Amino acid sequence: MPVCQTPFILALDFPTADKAIALAEQLQPSQCRLKVGKELFTRAGPFVVEALQNKGFEVFLDLKFHDIPNTAAMAVKAAAELGVWMVNVHCGGGLRMLQACREVLEQCAGGKPLLIGVTVLTSMERSDLAGIGLDCEPEQQVLRLAGLASEAGLDGLVCSAREARALKAAYPDLALVTPGIRAAACAADDQRRTLNPNEALAEGADYLVVGRPITAAENPAKALEQWITQLNFTDKTKAKGVLAR
Ligand SMILES: O=C(O)c1cc(=O)[nH]c(=O)n1[C@@H]1O[C@H](COP(=O)(O)O)[C@@H](O)[C@H]1O
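The notes below deal with the structure included here. (Residues numbered from 1 in each chain as written. Predicted model: local features only at pLDDT ≥ 70, side-chain atom pairs only at ≥ 80, totals over all residues.)

## Side note on the overall build of the protein chain
Here is step 1: Within the protein chain one finds 12 helices and eight strands.
Here is step 2: The C-alpha radius of gyration of the protein chain comes to 17 Å, within 12% of the 18 Å expected for a compact globule of 245 residues.
Here is step 3: Seen through its principal axes, the protein chain has C-alpha atoms that stretch 40 × 40 × 35 Å.
Here is step 4: Here the contacts in the protein chain between residues at least 6 apart in sequence split such that 70% fall between residues at least 24 apart. (Helix = DSSP H or I, 4+ residues; strand = E, 2+ residues; numbered from the N terminus. Rg over C-alpha atoms; globule rule 2.2 N^0.38 Å. Contact = placed C-beta atoms within 7 Å.)

## Describing the sheet that holds strand E6 (residues 156-158)
Strand pairs in the sheet, formed through backbone hydrogen bonds, run parallel or antiparallel to each other.
Here is step 1: The strand order around the closed barrel formed by eight strands is E1-E2-E3-E4-E5-E6-E7-E8, and the pairing between neighbours is parallel. The mean inter-strand angle of the sheet, taken between neighbouring strand axes irrespective of direction, is 25°.
Here is step 2: As judged from the three bridges shared by E6 and strand E7 (residues 175-178), these two strands associate in the parallel manner. When the sheet's bridge partners are listed, Gly156 is paired in E7 with Ala175. (Pairing = 2+ DSSP bridges. Axes fitted to C-alpha atoms, helices over the stretch in contact; angles between N-to-C directions.)

## What about the pairing of strand E8 (residues 207-210)?
Here is step 1: Neither face of E8 is left uncovered, since the one carrying Tyr207 and Val209 and the one carrying Leu208 and Val210 both have all their residues buried.
Here is step 2: Of the pairings in the sheet, the one linking strand E1 (residues 8-11) to E8 comprises three bridges and is parallel in character. Across the sheet, Leu10 pairs through a bridge with Val210, a residue of E8.
Here is step 3: As defined by bridge partners, E7 adjoins E8 across two bridges and the pair is classed as parallel. Bridge pairing in E8 places Val177 opposite Tyr207.
Here is step 4: Note on the crossover from E7 through helix H9 (residues 197-203) to E8: the handedness is right-handed. (Buried ≥ 20, exposed ≤ 12 C-beta atoms within 10 Å, placed from the backbone. Right-handed = clockwise from strand over helix to strand, strands pointing away.)

Put into structure tokens, the structure is as follows:
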């Protein structure tokens, strides 16, 4: 049975380890997993990951590795050695990069992190894809990249919850990690493909990544509690083995 009892992953996009740890101290590992991303990790390094793990939290190391196969795979290995629960890589690195990342984990002794492929960032819409030479809807590109992730044997995908229904139909075994979660009253910020938490679960999302709507609240711990109370997730977590490690 996993420690965490909800699908929430809280994005700790803070400039210092002190701020991230201070918030974690107000939360329980049963309420959410914690995500350490580029800003916090670049400033605080592995120390902050270890500090959060020592408080009992499962950590998603969100560094979105995207490089030549060997470099990306060695970075994934380093993440595994930190004992993180989940790590992500960009599917845009291509099939050989994804395979190298999956293969390196097979050689790791001990607990392996879930290896998750980022498809199309939730901040992007059709016009952004046009700007990088892709003349298609985000969902088409997401499905194309999901095919690579599935072929490479990854555990899941980062996508918008808007694509979750189509992805679950095509790739039922892949866990869907969905950022861009916004309650009706929240600002979208730089997100473009958003959905509210209950809609996201109804569409098939397995994990809900939320940052600013909770971390920028006056009382983030209280805000998280409210988000949990308003969520219809009981049946889903009981039914789904995917929420276990
Ligand atoms: O991989 C991610 O976590 C991620 C992928 C993606 O497509 N979109 C996305 O927003 N994220 C991350 O999810 C978090 C969303 O934060 P908020 O927009 O503040 O809720 C940020 O830490 C992003 O880096």
